[in-house]
Amino acid sequence: MQKVPRAAISGLARASILRAADSVFLRRVVRRYGMRLGAGRFVAGETLDECVVVLRRLNDAGLHANTTLLGEAIPDRDGAAAVVRAYVEVLDRLAAEKLQANVALKLTHLGLTFDEELAYENVERLVAHAGVRASFIRIDMEQSDYVEPTLRIYERLRAAGHANVGTVLQSYLYRTPADLERLLPLEPNLRIVKGAYLEPAAIAHPEKRDVDAAYLTIVRRGLEGGAYIAVATHDERIIGLVPTFAQQEGVGREEFEFQMLYGVRPALQRSLVAQRYKVLVATPYGPDWYPYLMRRLAERPANLLFFLRNLVRG
Ligand SMILES: Cc1cc2nc3c(=O)[nH]c(=O)nc-3n(C[C@H](O)[C@H](O)[C@H](O)COP(=O)(O)OP(=O)(O)OC[C@H]3O[C@@H](n4cnc5c(N)ncnc54)[C@H](O)[C@@H]3O)c2cc1C
């Protein structure tokens, strides 16, 4: 019998989990019991107060952080306005608590699904407010439909004179090397990720090894091209190669950082801090954690076992 490669099995598991994530029934069950079953491993609580405790603990361990009020695809103006108000409160609180933490947000949480202009106005308001608080906003990258509008909005913010804003590029998309070239003249602050969504082979590398290879090429080109690069991965091979790349390109430690997700590879996070690298932990919170959790489970199907074990233990 022909052996099915491991990568193919985990690719299938990833696709199945991401598809199952759309089920209304599953959403209801996981929303109801998820925090108890272990969602708290990846999510820093449902309230800002709970999140602040986690951020402080990370800072005390020498880790920087960003936080996100979880949520996406807000369907109306009032909902998006409420999210803006919540982020103003987050920025004020981070400053008042003197935390080494900034904000990462999604444009569909600010109205991008139905009105690009509204999303721009909302994020502009938050970037301006972050500027007053000497803080920074990272615009996450979402599904491929939103890449072009997200880059447009990022470019508009920079053209309007906002320097305290960065965005994200995903190495699984074929278009990303060209997007990087487009942004490089802005000396951008870019987080590079592999990509967390289910995308068709027509627009994204289906093979993990190609995604990984593209990742390294993009990071190297970004460093060489004068971008500030946030290397956002838990892939130890890639993490191990980045300092060598930086050295070869004559780039100092202050021009890149590592980023990882809250709850993923904490020992690796601490070991990089011990080697004097800047490490930022993406630490989201909020009641609407379901899609975020499902993407974390899809990235590593073994996480599903962790969840199911908690279910059996009751
Ligand atoms: C700070 C940060 C911000 C991100 N922002 C975005 C974004 O804006 N848009 C977007 O599309 N994606 C984003 N992602 C997700 C990213 O695209 C990947 O899906 C995710 O990082 C997993 O890929 P990896 O780079 O860690 O590499 P992989 O090759 O998938 O994993 C490498 C190793 O890391 C460990 N690992 C990876 N994921 C997990 C997990 N969930 N649980 C436990 N162990 C794990 C495993 O040991 C694995 O073998 C972000 C990731 C990070 C770290």
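The model shown is predicted, which means the values in this text are computed figures rather than measured ones. (Residues numbered from 1 in each chain as written. Predicted model: local features only at pLDDT ≥ 70, side-chain atom pairs only at ≥ 80, totals over all residues.)

**Considering the packing of helix α4 (residues 77-96) against helix α5 (residues 116-132)**
Each packed pair of helices is defined by two parameters, the angle between the axes and the distance between the axes. We apply this condition: The axes are straight lines fitted to the C-alpha atoms, using for helices just the contacting stretch, and the angles between their N-to-C directions are given from 0 to 180°. By the criteria applied, helices consist of DSSP H or I runs no shorter than four residues and strands consist of E runs no shorter than two, each listed in order from the N terminus. An angle below 35 degrees is treated as roughly parallel, one above 145 as roughly antiparallel, one from 65 to 115 as roughly perpendicular, and anything else as oblique. For every residue pair, C-beta atoms are placed from the backbone, and the pair is scored as a contact if these atoms sit within 7 Å. Under the grouping applied here, Gly and all other residues not named as nonpolar or charged are polar, the nonpolar ones being Ala, Val, Leu, Ile, Met, Phe, Trp, Tyr, Cys and Pro and the charged ones Asp, Glu, Lys and Arg.
Packing of α4 against α5 brings their axes to within 10 Å, and their N-to-C directions diverge by 10°. Judged by the inter-axis angle, α4 sits roughly parallel to α5. Along its contact with α4, which presents R77, A80, V84, Y87, V88 and L91, the element α5 presents L118, N122, R125, L126, H129 and A130. The residue makeup of the contact of α4 with α5, split by class, is eight nonpolar, two polar and two charged.

**So, helix α3 (residues 48-60)**
Put simply, the rule is: What a helix should span is 1.5 Å times the count of its residues minus one.
Over its 13 residues, α3 runs 18 Å from end to end, which matches the ideal 18 Å to within 8%, given 1.5 Å per residue. Buried residues in α3 make contact with β1 (64-67), α4, β2 (101-105) and β8 (279-282).

**Some thoughts on the domain arrangement of the chain**
For clarity, the cut-off: An automatic or database domain assignment supplies the residue ranges for each domain.
Per the domain assignment, the segments of the chain are domain 1 (1-42 + 294-314) and domain 2 (45-288). For domain 1 versus domain 2, the distance between C-alpha centres works out to 24 Å. Every contact between the two is made by seven residues of domain 1 and, on the other side, six residues of domain 2. Put simply, the parts of the chain that give the side of domain 1 that touches domain 2 at least two residues each are α1 (6-20) and α11 (290-299). Among the elements that take part in the side of domain 1 that touches domain 2, α1 stands out by supplying three residues, more than any other. Of the residues belonging to the side of domain 1 that touches domain 2, the class tally is four nonpolar, no polar and three charged.

**Looking at the site of the ligand**
Just so we agree on the cut-off: By definition, a residue lies near a molecule or strand when the C-beta atom built from its backbone is within 6 Å of it.
Among the 24 residues in the neighbourhood of the ligand, the closest are listed as D140, V193, A196, T233 and H234. Contributing elements (two or more residues each) for the shell around the ligand: β4 (165-170), β5 (189-193), β7 (256-261) and α11. Broken down by element, the shell around the ligand gets its largest block of residues, three residues, from β7. Along the lines of polarity and charge, the residues of the shell around the ligand split into ten nonpolar, six polar and eight charged.

**Thoughts on the pairing of strand β6 (residues 228-232)**
Let me state the cut-off plainly: In this scheme every C-beta is placed from the backbone, and a residue whose C-beta has 20 or more other C-beta atoms within 10 Å is buried, one with 12 or fewer is exposed, and one in between is partly exposed. Clockwise travel from the first strand over the helix to the second, with the strands pointing away from the viewer, marks a crossover as right-handed. Think of it this way: DSSP has to see at least two bridges between two strands before they count as a pair.
Most of β6 is tucked away, with four of its five residues classed as buried. Each parallel crossover has a hand, and for β5 linked through helix α8 (residues 208-224) to β6 it is right-handed. Relative to β7, β6 runs parallel, the two sharing four bridges. If you follow V231 over to β7, its bridge partner there is F258. Crossover β6 to β7 through helix α9 (residues 236-248) is right-handed.

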